[in-house]
Amino acid sequence: MPGLTYPEVGATRTGRLPPGYRHLRYRAALPAGAFESAGEAVLTWRMHRAMGVRIDASAPRAEPGCTVTAGLGLGRLRLAAPCEVVWAVRDDHRAGFGYGTLPGHPVRGEEAFLVERLDDGGVRFTVTAFSRPAGPLALAAGPLLPLFQRGYAWRCASVLRRLAAR
């Protein structure tokens, strides 16, 4: 499979997002005690699947080198978004990953999903991304694309709250 479609690989891990892209930084509080279940939901694709996203991944967990195609929509209207996990973390305070776009994705860039256990016992979910259009569909979406991305991040947090409550 051809490589990543952007040169700034790993920028979502450092938080130093590159110029020339749209940036997204979304944070949401999760229930206290949700770190373990929310972290597992992110790393095992459960969060994405619970959102109704079709996930075809080369591994059961997000790990560097794992390829994943997210499918949004239904039937012939399903949009395929191929990515590769470029970093992953699982320790006592952080669980999550970042993946970058592969050829065929409607945008170019990287997106990360991270659950953190804070020093005060709180739990936070963060989506960090940088992207720019890669083809006519994303170009046609114009100013709606950032709204969709922010709505997607909000929905991720909402689903994680629901999964953590089980």
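Coordinates for the structure precede this section.
Residues numbered from 1 in each chain as written. Predicted model: local features only at pLDDT ≥ 70, side-chain atom pairs only at ≥ 80, totals over all residues. Heavy atoms only, no water.

(A) Region of the structure containing the nonpolar core. Formed by 39 residues in total, the largest nonpolar core has its most connected members in Trp45, Met47, Phe97, Phe113, Val115, Phe125 and Leu160. Every element with two or more residues in this core is listed here: strand E1 (22-30), helix H2 (35-43), strand E3 (67-72), strand E4 (79-90), strand E5 (94-101), strand E6 (107-117), strand E7 (123-133) and helix H5 (144-164). At seven residues, the largest contribution of residues to this core is made by H5. Ranked by size, the runner-up nonpolar core spans ten residues in total, among them Leu17, Tyr21, Val89 and Phe130. (Core = buried A, V, L, I, M, F, W, Y, C linked by side-chain atoms within 4.5 Å. Buried < 20%, exposed > 50% of the residue type's maximum accessible area, 1.4 Å probe, protein only. Helix = DSSP H or I, 4+ residues; strand = E, 2+ residues; numbered from the N terminus.)

(B) Quick look at H2. Among the residues of H2, Phe35, Ala38, Gly39, Ala41, Val42 and Leu43 are the ones counted as buried. Taken from the residues just after H2, Trp45 is the one with a positive phi, measuring 70°.

(C) Quick peek at the packing of aromatic side chains. Evaluated as defined, the whole model comprises seven aromatic pairs. Ring centres 4.9 Å apart and planes at 80° place the aromatic pair Tyr21 and Phe130 in the edge-to-face group. A residue pair is termed long-range when its members are at least 10 positions apart, and Tyr21 in the loop between helix H1 (11-14) and E1 and Phe130 in strand E7 qualify at 109 residues. Each member of the pair, Tyr21 as well as Phe130, is classed as buried. A ring pair is formed by Tyr99 and Phe113, whose centres lie 5.8 Å apart and whose planes are at 85°; its orientation type is edge-to-face. In this pair, Tyr99 sits in strand E5 while Phe113 sits in strand E6, placing the two residues 14 residues apart along the sequence. Linked through ring pairs, Trp45, Phe97, Tyr99 and Phe113 together constitute an aromatic cluster. Directly above the ring of Tyr21 sits Arg132, whose terminal nitrogen or CZ lies 4.1 Å from the centroid. (Phe/Tyr/Trp six-rings, centres within 6.5 Å; stacked < 30°, edge-to-face > 60°. Lys NZ or Arg CZ within 6 Å of the ring centre and 35° of its normal.)

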